[in-house]
Amino acid sequence: MFVIAVVLLAILGVQTSALVTNANSNARQQATSLANGAMEQMRALPWNVLSKGMAYNFVSAAGGDPYVSAGTTFDVDPDDDVAARTLVVAQAGSNGTNGSQDLSSPWPPLYTASGSNKLVNEDTEGRGTEFEMRTYVTEAPEDSSGAAVGIVVVVTWGSLDDGDTETTTLYSTAYAPSGGCGDLNNAPFLASCQALFYSQSSSGSVMFAATASEVPATEEDPSGGVSLPLVPGASYFSLQASTATASARAAGQQFATVDGYAQNGGVIHDDDVAATEPSERGWTTGFGATSLRASNDTVTAGAAPADPSDVSTHGDYALTSVTGTGGWTLNARADDTRDGALRASTLRACSIGVGASQVPASQPCSASAIDRSSARSSYVDLSSAGGTMTLGEVRFDSGVSKETAWSSRFVEGLAGNANTGCQVLSGAGCTSAGASRSIASVVAGKAPWDDGAAASGLVEIADYSDLVMVQRGTSQAAAAPTIARSATLRYWTESGYVTQAVTATTSGTWSVAPVTWTSSAGTVTASGEVTVSAQRVKAEGADPLCSEEACAVSAGSGGIVVSMQYLVTPTAGDPYVLSLSTTVNGITASASYKEPENAG
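Because the structure is a prediction, the values reported are computed rather than measured.

### Notes on the overall build of the chain
Within the chain, the secondary structure is distributed over three helices and 36 strands. Considering the chain as a whole, with its 600 residues, one finds that 49% of them fall into the buried category. Counting only contacts in the chain whose residues sit at least 6 apart along the sequence, the fraction spanning at least 24 positions is 67%. Carbon and sulfur atoms make up 50% of the accessible area of the chain, which amounts to about 25300 Å² in all.

What follows is the structure in structure tokens.
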């Protein structure tokens, strides 16, 4: 009982640390999403509002501003490589005359009714994190004629592990309009005479993330404290291995542009010493990317061709080994040897990977497909003189294993089908996007455990498949997305394996019982948990005509996270905790459609 208590105490701290890491990653994703949304809102402001700049009292209205000095000098970080900028500030006043902003008609996020440029958003996951967002208008660094302004969005929040302030900053430039149907006072200055369509999709990835730390010394200090090398005596402290991802995008207004992307799998490892890192992410192997673009724009010089040739993709073999003392080695491989193909065309049909369904020829479309592999695709193994254990493994080697992402812009002519969406075409048309994926299996914690326990691994996700399709258009302003997910989840308990069917609406957390492997190199005691999140849908746009604001939808199939902790006690050396999370990221898709406000 005493030994078990010590082991469980060690695991508690590591689980807490893993949860904090995941929460910080989620917070950064939220911050980036907020910044992107604010940037789009800023670029959609009327030119006659945006070009006036900040409300004259924006600093005092926001309760101060740490990035502004001398009234109009803006600099997020004086130590970075981005030069300070001069802010564009409206004349004093609040009624919109004589160069002032009209505070009675606020244009957030540029200024609120008080003149403040600061907005505070709550953490959507309910963790209590506050995201402070500030927006700025500056003189355009590349243009001093007044025909352009710079736009900056800064989002800050507190890190969940040490409380330090984290920052995400976006920069852009807005230009004075020279044509189109836009009203410079009331409509977005980028407004045109035609509707704006946008859609994108991604097949997701499977990611392994490994870290190591000291065994907690006391119950009062469950965190364990210091990070350690992944194996004793090694130089590297963290490692990530990711599988390949297929993505697609479609955008259209006067013309349609479609893109297909494929990113190979890869491995990242880091030595925990900032001064030696070759990049912010550390050392990388793999992650090669391929893209293809097509457009029906026959006016703009240098525009993409209407029907470029398909492109085949194939990544190089990527294997990273972290070798320590005492014969311990951590091996990680990504599945970047899988073949793929990209198509982007405004003339030919695009297969969407669901049966024989296609976006019909003559409708601009893109598709990115990544095929099966010939062996176990991606894995992280821990080897010693006593044998090898699989910490995590994903296999795409079954006959049906494949992932496809696609996007389309349906104009007049042939409509889509139930799988592509856009079955009814009216008005300006429709855009749709989706992705589908099949994975043979994902396994965590497979080893010759004592007493023959968990012979197939501590967690097994078998026959996994998911699918998402979204659409928006004149006749699809509020169309519900199509989401499907199917898998069989097995996890080890004290009574043996328990089976859980997984669908798009499944959510929950299940504990994995402790098991031990005893070998000539030492002992490894493992336990953990598996968490399944349900599908996600977010629809935006209350205007039924989709003219005052875009009608948009985003959807995801939900994810699965297996968090395992391994208490490693070498025959010679100090014990430590090796943590490995296996994340099956859900596939995602989004689509938006907006009619011009002043077309006519």
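### Describing the side chain of Thr-168
One can find Thr-168 in strand β7 (residues 165-175). Residue class for Thr-168 comes out buried when judged on its relative accessible area of 10%. Those residues in contact with Thr-168 that sit more than four places away from it in its chain are Arg-28, Ala-31, Thr-32, Ala-35, Val-153, Val-154, Val-155 and Trp-157.

### Remarks on the pairing of strand β26 (residues 430-446)
Where burial is concerned, most of β26 is hidden: 16 out of the 17 residues are buried. Pairing of strand β24 (residues 387-395) with β26 involves five bridges; the strand directions are antiparallel. Bridged to Arg-395 within β26 is Ser-441. Both strand β25 (residues 402-410) and β26 contribute to a ladder of nine bridges, which runs antiparallel. Paired with Ser-408 across the strands is Ser-432, a residue of β26. Here β26 runs beside strand β27 (residues 459-473); their pairing, made up of 14 bridges, is antiparallel.

### A closer look at the pairing of strand β34 (residues 560-570)
With nine of its 11 residues buried, β34 lies for the most part within the structure. Where strand β31 (residues 522-532) and β34 come together, 11 bridges link them in antiparallel fashion. Bridge pairing in β34 links Thr-531 to Val-561. Sheet topology note: the β34/strand β35 (residues 576-584) ladder contains nine bridges and is antiparallel. Bridge assignment links Leu-567 to a residue of β35, and that residue is Val-577. Counted along the chain from β34 to the antiparallel partner β35, the turn is five residues long, and its residue Gly-573 has a positive phi close to 130°.

### What to know about the packing of aromatic side chains
Applying the stated criterion across every chain yields a total of five aromatic pairs. Centre to centre, the rings of Phe-131 and Trp-157 are 6.0 Å apart; their planes meet at 45°, and the pair counts as tilted. Highlighted residues: Phe-131 in strand β5 (residues 130-139) and Trp-157 in strand β6 (residues 148-158), separated in sequence by 26 residues. Neither residue differs from the other here; Phe-131 and Trp-157 are each classed as buried. Over the ring of Phe-396 we find Arg-338, and its NZ or CZ is 3.7 Å from the ring centre. For the cation-ring pair, Arg-409 lies above Phe-197, with the distance from its terminal atom to the ring centre recorded as 3.8 Å.

### What to know about the pattern of salt bridges
The full count for this structure, using the stated rule, is 17 salt bridges. Residue Arg-338 is joined to Asp-335 by a salt bridge in which the shortest nitrogen-to-oxygen separation is 2.5 Å. Accessibility classification places Arg-338 together with Asp-335 in one group, the buried group. Among the salt bridges present, the one from Glu-393 reaches Arg-395, with a minimum N-O distance of 3.8 Å.

### Some details on the confidence of the model for the chain
Averaged over all residues, the pLDDT of the chain is 87; the fraction at 70 or higher stands at 89%. Put simply, helix α1 (residues 2-43) is where the chain has its lowest mean pLDDT, 74, and strand β28 (residues 482-493) is where it has its highest, 97. The low-confidence segment residues 186-191, where pLDDT is below 50, has 24 contacts with residues more than four positions distant or belonging to other chains.

### Brief notes about a negative patch on the surface
Side chains of Asp-77, Asp-79, Asp-80 and Asp-81 sit close together on the surface and give a patch of like negative charge. Following the sequence through the fold, Asp-80 ends up in the loop between β2 (73-74) and β3 (85-86). Exposure remark for Asp-80: the relative accessible area of 30% places this residue in the partly exposed category.

### Remarks on the state of the cysteines
As enumerated under the stated definition, the model contains three disulfides in all. Across the disulfide, Cys-350 is cross-linked to Cys-365 (sulfur-sulfur distance 2.1 Å). With the S-S bond torsion at 80°, the cross-link from Cys-350 to Cys-365 turns out right-handed. Here Cys-350, found in strand β20 (residues 350-351), pairs with Cys-365, found in strand β22 (residues 365-370); they are 15 residues apart in sequence, far enough to count as distant. Here Cys-350 and Cys-365 have matching classes, each one buried. Through a disulfide, Cys-422 is tied to Cys-430; the S-S separation comes to 2.0 Å. Across the S-S bond of Cys-422 and Cys-430 the torsion is about -70°, and the bridge reads as left-handed. Since its relative accessible area comes to 0%, Cys-430 is described here as buried.

### Comments concerning the sheet that holds β6
Across the sheet, four strands lie side by side as β4-β5-β6-β7; this open sheet has antiparallel pairing. This sheet does not close on itself; its edge strands, each paired only once, are β4 (118-122) and β7. Pairwise comparison of adjacent strand axes, ignoring direction, gives a mean angle of 20° for this sheet.

### So, unusual backbone geometry
Among all residues except glycine, the phi angle is most often negative; among peptide bonds, the trans geometry is most common. In this structure, the amide linkage connecting Pro-108 to the following residue, Pro-109, adopts the cis form with an omega of 10°. Secondary-structure assignment places Pro-109 in the loop between β3 and β4. Residues other than glycine seldom take positive phi values, yet Asp-463 does so here, at roughly 50°. Relative to the helices and strands, Asp-463 resides in strand β27.

### Focus: the sheet that holds strand β1 (residues 68-69)
Here we have three strands laid out as an open sheet, ordered β1-β2-β3, and antiparallel in their pairing. Each of the sheet's edge strands pairs with one partner strand only, and the pair in question is β1 and β3. Note: β1 against β2, two bridges, orientation antiparallel. From the neighbouring strand, Val-68 faces β2, where its bridge partner is Phe-74.

### Considering the environment of Ala-539
Mapped onto the secondary structure, Ala-539 falls in strand β32 (residues 536-540). Owing to a relative accessible area of 57%, Ala-539 belongs among the exposed residues under this scheme. Residues Ala-539 and Val-553, spaced 14 residues apart in sequence, show a C-alpha to C-alpha distance of 4.3 Å. In this structure, Ala-539 is in contact with Arg-472, Ala-552 and Val-553, ignoring residues within four places of it in sequence.

Basis of the calculations
Residues numbered from 1 in each chain as written. Predicted model: local features only at pLDDT ≥ 70, side-chain atom pairs only at ≥ 80, totals over all residues. Heavy atoms only, no water. Helix = DSSP H or I, 4+ residues; strand = E, 2+ residues; numbered from the N terminus. Buried < 20%, exposed > 50% of the residue type's maximum accessible area, 1.4 Å probe, protein only. Contact = heavy atoms within 4.5 Å. Areas by Shrake-Rupley, 256 points an atom, 1.4 Å probe, with all protein chains shown as cover. Pairing = 2+ DSSP bridges. Phe/Tyr/Trp six-rings, centres within 6.5 Å; stacked < 30°, edge-to-face > 60°. Lys NZ or Arg CZ within 6 Å of the ring centre and 35° of its normal. Salt bridge = Lys/Arg side-chain N within 4 Å of Asp/Glu carboxyl O. pLDDT = per-residue confidence, 0-100. Patch = residues over 30% accessible without salt bridge, like charges linked within 9 Å, V, L, I, M, F, W, Y side chains within 5 Å. Lys, Arg positive; Asp, Glu negative; His and termini not counted. Charge placed at Lys NZ, Arg CZ, Asp CG, Glu CD. Disulfide = S-S within 2.5 Å. Axes fitted to C-alpha atoms, helices over the stretch in contact; angles between N-to-C directions.

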